[in-house]
Amino acid sequence: MPTSVRISLPPTLRRFCDNHESVEVAAGTVGDAIEALHARFNGIRERLLDEAGNIRGSVLVFVNQEDIRFLDQSRTPLKPGDELSIIPAFAGG
Amino acid sequence: MSSQHSSSPSHGATSHTGFMKALKCRECGREYPLTATHVCEFDFGPLEVAYDYDRIKRTLSREVICQRPQNMWRYRELLPVAGEPTVGRQVGYTPLVKADRLARRLGIRELYVKNDAVNYPTLSFKDRVVSVALSRSVELGFKTVACASTGNLANSVAANAASAGLECFVFIPHDLEQGKVINSLVYGANVIGIKGHYDEVNRLCAEIAGKYGWAFVNVNMRPYYAEGSKSMGFEIQEQLGWTIPEHTVVCMASGSLLTKIHKSYQEFSKLGLVEPTKWKIHGAQATGCSPITTAQKAGLDFFKPVKPNTIAKSLAIGTPADGFYALKVMKETGGYGDDVTDDEIREGIQLLAECEGIFAETAGGVTVGVAKKLIASGKIPKDSSAVLCITGNGLKTIEAMAGHVGETHDIRPNLREFEALLNQDKTQLLQA
């Protein structure tokens with residue numbers, strides 16, 4: 001069931017999303033949220049997903065500060081008010 | 001604390017770029033200007049500095065290097081600054097110790113310890129990456145620098161920022177060792193303790209970096225920052241008489257240091273500064289945070305993130321940014337990965353201290369412990385030569401050894417009491 005969630009965007013993506021720092025989309029899972037983002041800003045899918053449709057290893061997605069790799073990956077369900085963050089993996093250390 | 005957006009520079013590349021050509025995506029090869037940015041817009045791949053090696057080859061020789069002061073900047077053509085370095089000019093050229101006593105204990109023909117526990121000014125290899133990152137930050141016009149850190153990096157950013165007159169924010173897990181906390185606070189840095197583990201600190205810093213116009217050394221400045229680690233490998237080769245070691249054992253947090261030591265061997269080979277002999281690079285982690293070595297042992301090209309639980313807090317990164325590339329280097333060079341328990345880490349620290357008089361932090365205990373395992377299993381042959389990279393100083397992590405190294409024998413200032421103590425149990429005293 002689609003629900004309204006907010007996605008925080010990294011600077012790398014903002015210029016492809018009308019310079020928004022965050023956007024609100026309706027989605028039932030993390031995968032749906034990425035598709036909704038792509039529907040609104042064409043070309044986003046290819047940046048975030050590889051050829052097989054999996055989230056790239058170079059992209060981290062968090063739901064309410066939790067890495068979705070510790071949840072159910074792109075099938076992680078979303079509820080109203082959830083906050084997603086998309087962050088480049090290559091940082092830190 | 002200072003104002004939020006006061007230090008945003010132009011973020012533009014300087015017109016003079018030294019020996020750097022561009023930032024280049026490691027995945028798709030797309031090129032970007034030499035600004036403060038760290039990932040490719042098309043696939044989020046990491047950006048790396050591309051150099052003009054033809055021009056470097058015409059400029060850099062063993063003779064030129066040998067005439068320069070003994071610090072990491074003697075290899076400056078291979079480090080990503082446009083002009084003369086302005087921060088951390090005394091960093092590096094730490095001792096390469098021929099560790100004969102430790103070699104005998106571990107059962108290997110020849111062993112060296114690259115001792116960054118005495119690196120200047122903050123006693124860890126992080127001074128290398130920070131001097132590069134801050135020098136480049138100054139070139140790009142930043143006035144405020146920051147980092148996400150497991151401790152050593154925070155110390156180095158705080159100290160080097162202080163000496164350069166830069167505003168500084170360091171973000172650390174709130175439960176770090178006291179030595180590392182005090183070692184950041186003393187320089188006047190804004191130290192932010194995050195109630196979470198390092199990976200959470202890192203995520204927050206990625207968000208802060210996206211909002212504030214600061215030079216985050218290991219976020220938007222990471223392409224420059226990471227290159228500083230190569231200097232450890234350059235020094236090893238020079239100190240070994242311009243040769244590449246057969247085996248190098250490197251501890252891994254993000255895995256970046258391991259990949260950059262490999263790159264340093266490649267670059268010196270490419271430039272003709274050393275004979276391009278074969279080398280193997282082995283990775284070491286703590287069992288309580290071993291995403292990379294677990295993958296290596298399973299023969300995988302990718303790692304599964306973990307929630308860290310180890311006394312080796314400086315290596316406690318459950319989502320290692322360069323894990324994929326570290327695995328690739330181990331595979332390409334024929335190296336191995338292994339990990340050690342907290343008790344084995346303490347044993348490693350003690351072994352290095354007792355044999356060579358070097359007190360390493362917990363990460364050093366990991367390196368020694370894993371080297372011991374790899375030699376015992378024959379993965380590093382007993383009739384070979386190896387270098388162990390020691391990255392930080394034991395005085396910063398004394399909590400890990402407290403209660404594990406014996407106790408003092410307290411007596412009154414009286415000769416009789418001393419002799420009574422000696423006679424009481426000589427064996428016990430000698431063992432203490």
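Cut-off values and rules
- Residues numbered from 1 in each chain as written.
- Chains lettered and ligands numbered in written order.
- Predicted model: local features only at pLDDT ≥ 70, side-chain atom pairs only at ≥ 80, totals over all residues.
- Core = buried A, V, L, I, M, F, W, Y, C linked by C-beta atoms within 7 Å.
- Buried ≥ 20, exposed ≤ 12 C-beta atoms within 10 Å, placed from the backbone.
- Helix = DSSP H or I, 4+ residues; strand = E, 2+ residues; numbered from the N terminus.
- Contact = placed C-beta atoms within 7 Å.
- Pairing = 2+ DSSP bridges.
- Nonpolar A, V, L, I, M, F, W, Y, C, P; charged D, E, K, R; others polar.
- Expected span 1.5 Å × (residues − 1).

Caption draft 1: The nonpolar core, seen in detail. Ala33(A), Val145(B), Val157(B), Val170(B) and Leu315(B) are the most contacted members of the largest nonpolar core, which totals 155 residues. Per-element accounting of this core gives the leading share, 7 residues, to helix H14 (residues 362–376) of chain B. Excluding anything up to four places from it in sequence, Val157(B) contacts Val130(B), Val145(B), Cys147(B), Cys168(B), Val170(B) and Val217(B).

Caption draft 2: The arrangement of the pairing of strand S3 (residues 59–63) of chain A in detail. Residue and element names in this part refer to chain A. Burial within S3 is extensive, with 5 of its 5 residues counted as buried. Across the two faces of S3 the burial is the same, with Val59, Val61 and Val63 and Leu60 and Phe62 all buried. One ladder, built from 5 bridges, connects S3 with strand S5 (residues 83–88); its direction is antiparallel. Counterpart to Val59 in the pairing with S5 is Pro88. Judged from the 2 bridges that link them, S3 and strand S4 (residues 66–67) form a sheet pairing that is antiparallel. The residue of S4 that forms the bridge with Phe62 is Asp67.

Caption draft 3: Layout of the interface of chain A and chain B. With 21 residues of chain A at the contact, the number on the chain B side is 29 residues. Looking at the side of chain A that touches chain B, the elements that each hand over two or more residues are helix H1 (11–14), S3 and S5 of chain A. Broken down by element, the side of chain A that touches chain B gets its largest block of residues, 3 residues, from S5(A). In terms of residue class, the side of chain A that touches chain B is built from 9 nonpolar, 8 polar and 4 charged.

Caption draft 4: Molecular detail of helix H7 (residues 198–211) of chain B. In this model H7(B) runs 20 Å from its N-terminal to its C-terminal C-alpha over 14 residues, within 8% of the 20 Å that 1.5 Å per residue would give. Buried residues of H7(B): Tyr198(B), Asp199(B), Val201(B), Asn202(B), Arg203(B), Cys205(B), Ala206(B), Ala209(B) and Gly210(B), and no others.

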